[in-house]
Amino acid sequence: MTDPRDRVFLARGLTKIYPMGEIEVRALRGVDLDLFAGEFVVLLGPSGSGKSTLLNILGGLDSPSSGAMQYGGRDLGVYDDAELTRYRREHVGFVFQFYNLIPSLTARENVALVTEIARNPLAPEEALTLVGLADRLDHFPAQLSGGEQQRVAIARAVAKRPEVLLCDEPTGALDVQTGIRVLAVIDRVNRELGTTTVVITHNAAIAAMADRVIHLSNGLIARIDHNTQRQAPDDIVW
Amino acid sequence: MKPLDRKLWRELWQMKGQAVAIMLVIVCGVAIHVMFGATLDALGQTRARYYQEYRFADVFAALKRAPESLRERIAALPGVAEVETRVVAAVHLDVAGFAEPITGRLVSIPDNRESRLNRLYLRQGRPPAADRDDEAIVSEAFAEAHRLEPGAKLRVVINGRRQTLTIVGMALSPEYIHQLRPGSMFPDYQRYGVLWMGRRALGVAYGMEGAFNDVVVGLTDARAAPDVIDELDRLLTPYGGLGAHDREDQPSHRFLSEEFRNITLSATLFPVLFLGVAVFLLNVVMNRLIGMQREQIGTLKAFGYGNGAIALHYLKLVLIVVLIGVAVGVFAGAGLGRRLAELYTMFFRFPFLDYRLSPSLVLGALLLNLGGAVAGTAFALRAAFALRPAEAMRPEPPARYRATVVERLGLQRLLSQPNRMILRHIERRPLKSLFAVLGIALACGVTMAGRFQEATITHMVEVHYKLSQREDLAVTFTEPTSWRAIGSLDGLPGVERVEVYRAVPVRLRFQHHSRRTTLKGVPPGGDLQRLLDADLRLLDLPSEGVLLTDYLGELLGVQAGDRLTVEVLEGSRPVREVPVVGLVKEYLGVAAYMDLAGLNRLLREGPAISGAYLAVDDRERSELYRRLGDIPRIAGTAIREQEIRNFHRTMEQTMLFFTFIATVFAVVIAFGIIYNSARIALTERGRELASLRVLGFTRAEISYILLGELGLLTLVAIPLGFIVGRGICTLFVDGARSELYRIPLIIHPSTYAFAATVVLASALLSGWLVRRKLDRLDLIAVLKTRD
Ligand SMILES: Nc1ncnc2c1ncn2[C@@H]1O[C@H](COP(=O)(O)OP(=O)(O)O)[C@@H](O)[C@H]1O
Ligand SMILES: [Mg+2]
């Protein structure tokens, strides 16, 4: 599992500074991190600790202010906008807290949006079946519940069979029961497709599902826990 | 269909109201562009082909009498390709059943061959037989006005002899596309007609056997005109030449060219204004759409869509709107253009109309609109693309509001909460509010431009015919005549007053400027023909020196006190230096004026007169008309009442069309801007308004907050629109200035009122449509989703 040849991401001395007028917000202050193929990682930490910033840099949505960020041995830091776009298109799937579905497209069409530009995608129907929405294909986002919308978002993220799946508080806007269903879907994707998965949460209970739990605090990695046994989402006590 | 394209169609459908409003603005702009452009093309091409196929001459000269042998010498001049000598005469016509005097122009045509120049287009009938001296062809317009058919009889006084002519045909001529009695401003086909007769017959009638009094010349190259004119003047001077001139001074050609210039002005001015509004609207709407979709854009980018693909997506939306707008606009413009071109053919008598939509016109409209729309969208997209996807997906930072100027001035006590919301919202986006105000002001201005001419024209008529030319009847003599003629006019029944004048063709020179015009000698203290100064007060005619029409003074660059060179173009053709003593306010035509005695001194001639103005007793008009018809020396009679009527009729026919179009288009602009602003406000603030409803505000109250803003903008825009309207009218008035007429900038209060009403009505309509949407606001749906 920790064989360097299976290493997907390598981050060294990552910092991210947001200039905010007079003051600077130091969202990351020097993060060293390796992520390996197929593992399920949970990013844990209080609000404002830099989790989203780190995830966004991993996913090529943002660039670090300094430090090295490698994916598959290549430095993302030197990518220009077009290269980052290609990187996201080919390798990364995202799930956000607020689903970010296109309101004017149905569930199926939202997924097709991504499968269209992918090289070896699942069929949209297949992806939606994977997340348990085979019967909601032609519903518009407004006609779906929050949990259903989030599952569409997951289907959309995984339909292109990405190497990595990055989820930023996927259950943040959901109630417990729905949250568990969503996590189960993510867990299933990780197991069945072998996708390297990073899930942000500030719910410590979710950590039990992960191979590794990375604790972030104030822009730094405070601690990394290894779980010898991954717990199934249904068994988690919230 | 690709998912992004579906998104496109669904969103287009959702914003169909706005899309249609923008399309309409584009339709109007394109329609105007195509309408004027196609009309201009059609008239220009038709004229060019007509001139070419019917051999319109390049140089024209009238003279007293020259032997036919001179023809050879004219033909031998370098640059001359064709020469046609003619006999031309002014006559008095009588049509059975028509009591008023009719002025005719007799023009000779060759007897046994086609004319080399100015060929006739025979609409009906045949040419006069060579051996008959009582057959004539009449101009089609005249025949139509009197419902004359071939075989009809006309009574004419030819060279003092009463004669009856039989009409054998109706024709058009490139020389008389626009038929205007010399001295008139507007066509009157009933009281002016052109007749063509055989050369031999006319020659005999006017003692011009083996001689001619008019010559037209075709050139090998139009650039030779100035030299040929000089040579021709030299040849014709001994024969009483009246000064040769090129097409620019040929009345029909001249009038057409002026009109073409006016159409060109409209063809440029209005489409540009409309395009400006359309681009502004597209920009605002796309900015808003893209602003609201920045999270979607961020998401698309997160999934690996590139900027190109996303830009294309939004551009497609714009392209659909623009393409439909342009297509409908071209279609509408082509239809309107045909209508307009046909309207023009009432004044311009062409044998055919080459109406066809030129591809370059359509392409021009397309490219102009596409370019504008794409630039507007690119501008809106730039902001979205500048964001990293991570940032784009963060909701737009909450809008920053602050206390408005009014509030900072300490007047907040006067403002209720809703009023504060209105003011703060306007202040938050001052630029957008400003553009909306400018757009609405533009609509107001366009309405004024379509309307103002009516009052202006009434004013022109008042000044010209009530203050300046006050005669009841104007008669012109066939040639300068002795003073004794007054006596014979004085004694006619019903004549209360006679005032004579002498008119001489001249060329005026000052420094490097020169103009061909008429120098009019008038007796001082006249009551029927009066000269006015800039403030419309009576001007005293000095005994020495000339007065010039203000516009002529401008063209020549002279002011009172300058010395002008006057080249007389008839008689012994003296050249004199004369001081300019002042300028005369005139809206119609241009001329130079002198004291009659002073003019005779200048000409070194005995007293002679060219015509007279009469004041007559209405009760004796018909008898007077009959008697005037018997005086052979009288070439033409103009009735002032009739001139005024012609003036109004001509204006009405064209003006109604323009007022209608301008009003429709202004409504579209006003509606497009106000409706779009309201819809955008609704999407931007739907959430806020829904929250207010949840808090217990009524529908009327939230409508007030939303629509109050637009009401305020509209109210601010209207006075601004008055200024914009004045500006457009000024552009128009300045652009239309010509030697034929100058339209004064006079805007009647009713024009302002009309424009304000049009804008308010459009605002109310848009408000009502948005209010209906507001009443259907779904509170739950709005609050369920994140902003
Ligand atoms: N685009 C941005 N501009 C300014 N500050 C930002 C931006 N994004 C994040 N931050 C700041 O960086 C810090 C870390 O943010 P984030 O990574 O979103 O934290 P988390 O996801 O752990 O709650 C926070 O203080 C946040 O306010
Ligand atoms: Mg976060």
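Starting from 1, residues in each chain are numbered consecutively following that chain's sequence as written. Lettering of chains starts at A and numbering of ligands starts at 1, both following the order in which they are written. In keeping with the predicted nature of the model, local features appear solely for residues at pLDDT of at least 70, side-chain atom pairs appear and are counted solely at 80 or more, and the whole-chain, interface and lining totals rest on all residues. As a rule here, side-chain values cover all heavy atoms of the structure and leave hydrogens and water aside.

Things to note about the pattern of salt bridges
A side chain of one charge can pair with a side chain of the opposite charge when the charged atoms of the two come close.
Residue and element names in this part refer to chain A.
(1) Moving on: Salt bridges are identified by distance alone: a Lys or Arg side-chain nitrogen within 4 Å of an Asp or Glu carboxyl oxygen. Considering all chains together, one arrives at 64 salt bridges over all chains under this definition.
(2) Moving on: Between Arg230 and Asp187 there is a salt bridge, and its shortest N-O distance comes to 2.9 Å. Of the two residues, Arg230 is situated in the segment after strand S10 (220-226) and Asp187 in helix H6 (residues 176-193); the sequence distance between them amounts to 43 residues. Like Asp187, Arg230 is buried. By the criteria applied, helices consist of DSSP H or I runs no shorter than four residues and strands consist of E runs no shorter than two, each listed in order from the N terminus. Accessibility here uses a 1.4 Å probe with only protein chains present; expressed as a share of the type maximum, an area under 20% marks a residue as buried, one over 50% as exposed, and anything in between as partly exposed.

Quick word on the interface of chain A and chain B
(1) Moving on: Contacts are assigned to residue pairs with any non-hydrogen atoms lying within 4.5 Å of each other. At the junction of the two partners, chain A supplies 29 residues and chain B supplies 24 residues.
(2) Moving on: Defined here as a combined quantity, buried area equals the accessible surface (1.4 Å probe) lost by two parts on assembly, summed across both. Roughly 2,400 Å² is buried in total at the junction of chain A and chain B, and carbon and sulfur atoms are behind 58% of that figure.
(3) Moving on: Counting the surface chain A buries against chain B, the share from its top three residues, Leu61, Ser104 and Leu113 of chain A, is 20%.
(4) Moving on: One salt bridge in this structure joins Arg10 of chain B and Glu109 of chain A, with 2.6 Å as the shortest N-O distance.
(5) Moving on: Counting of polar contacts relies on pairs of N or O atoms within 3.5 Å, with two restrictions inside protein: one atom must be capable of donating a hydrogen and the other of accepting it, and residues adjacent in sequence are counted only when both atoms are side-chain atoms. At the junction of chain A and chain B, the tally comes to 5 residue pairs in polar contact (both at pLDDT 80 or more).

A short note on empty space enclosed by the protein
All names here are of chain B.
(1) Moving on: Detection works on a 1 Å grid of protein atoms alone, calling trapped sets that fit a 1.4 Å probe cavities and calling open sets with protein on both sides within 12 Å along at least five of seven lines pockets, with lining residues defined by an atom within 4 Å of a point. Grid points are joined across faces, edges and corners, and a volume is the space filled by probe spheres set on the points. All chains considered together, the criterion is met by 9 cavities of 30 Å³ or more.
(2) Moving on: One number sums up the size of the largest cavity: a volume of about 580 Å³.
(3) Moving on: Looking at the lining of the largest cavity, the elements that each hand over two or more residues are helix H2 (16-53), helix H7 (251-292), helix H14 (430-451), helix H20 (640-694) and helix H21 (699-736).
(4) Moving on: Here the residues of the lining of the largest cavity are counted per class, giving 25 nonpolar, 7 polar and 1 charged.
(5) Moving on: Taken domain by domain, the lining of the largest cavity gets at least three of its residues from each of domain 1 (56-255) and domain 2 (429-469 + 642-787). When residue character is reported, Ala, Val, Leu, Ile, Met, Phe, Trp, Tyr, Cys and Pro are called nonpolar, Asp, Glu, Lys and Arg charged, and the others, Gly included, polar. These domain limits were set by an automatic method or by a database of domain assignments.

A short note on the nonpolar core
(1) Moving on: Membership of the largest hydrophobic core comes to 138 residues, with the highest contact counts inside it found for Ile26, Phe348, Val446 and Phe647 of chain B.
(2) Moving on: With 19 residues, the top contributor of residues to this core is H7 of chain B.
(3) Moving on: One finds Val42, Leu61, Leu144 and Ala157 of chain A within the second-largest nonpolar core, a separate group that totals 73 residues. Among the buried residues, those of types Ala, Val, Leu, Ile, Met, Phe, Trp, Tyr and Cys that are joined through side-chain atoms within 4.5 Å form a nonpolar core.

Concerning the domain arrangement of chain B
All names here are of chain B.
(1) Moving on: The domains assigned to chain B are domain 1 (56-255), domain 2 (429-469 + 642-787) and domain 3 (495-616).
(2) Moving on: The interface of domain 2 with domain 3 comprises 16 residues on the first partner and 19 residues on the second.
(3) Moving on: Roughly 1,600 Å² of surface becomes buried between domain 2 and domain 3 when both sides are summed, with 51% attributable to carbon and sulfur atoms.
(4) Moving on: On inspection of domain 2 and its partner domain 3, the count reaches 2 salt bridges.
(5) Moving on: Of the charged contacts in the structure, one is a salt bridge between Arg515 and Glu739, with a shortest N-O distance of 2.3 Å.

Things to note about the sheet that holds strand S9 (residues 212-217) of chain A
Residues and elements named next belong to chain A.
(1) Moving on: Two strands are said to pair when DSSP picks up at least two bridges between them. Read from one edge of the open sheet, 6 strands run S6-S7-S8-S3-S9-S10, paired in mixed fashion. Across the chains shown, the open sheet's two edge strands, defined by having one partner strand only, are strand S6 (92-95) and S10. In this sheet, neighbouring strand axes are inclined to one another by 20° on average, regardless of whether the strands run parallel or antiparallel.
(2) Moving on: Two elements, strand S7 (residues 164-168) and strand S8 (residues 196-201), share 5 bridges in a ladder whose sense is parallel. The partner of Val164 across the bridge, within S8, is Thr196.
(3) Moving on: The strands that helix H5 (residues 146-158) touches are S6 and S7; relative to S6, the one it contacts most, it runs at about 175°. Note on geometry: axes are C-alpha line fits, over the in-contact stretch for helices, and angles between N-to-C directions span 0 to 180 degrees.

Describing the packing of H7 of chain B against helix H9 (residues 307-345) of chain B
Residues and elements named next belong to chain B.
(1) Moving on: The N-to-C vectors of H7 and H9 enclose an angle of 160°; their axes lie 13 Å apart at closest approach. With respect to each other, H7 and H9 are oriented roughly antiparallel. The chirality of how H7 crosses H9 is right-handed. Residues Glu259, Ile263, Leu282, Met286, Leu289 and Ile290 of H7 form the contact with H9, whose participating residues are Tyr314, Leu317, Val318, Val322 and Tyr344.
(2) Moving on: Residues belonging to the contact of H7 with H9 are distributed by class as follows: 10 nonpolar, no polar and 1 charged. Reported orientations rely on four angle classes, namely roughly parallel under 35 degrees, roughly antiparallel over 145, roughly perpendicular from 65 to 115, and oblique for the rest. Throughout, a crossing is termed right-handed when the near helix is turned clockwise from the far one, and left-handed when it is turned anticlockwise from it by less than a right angle.

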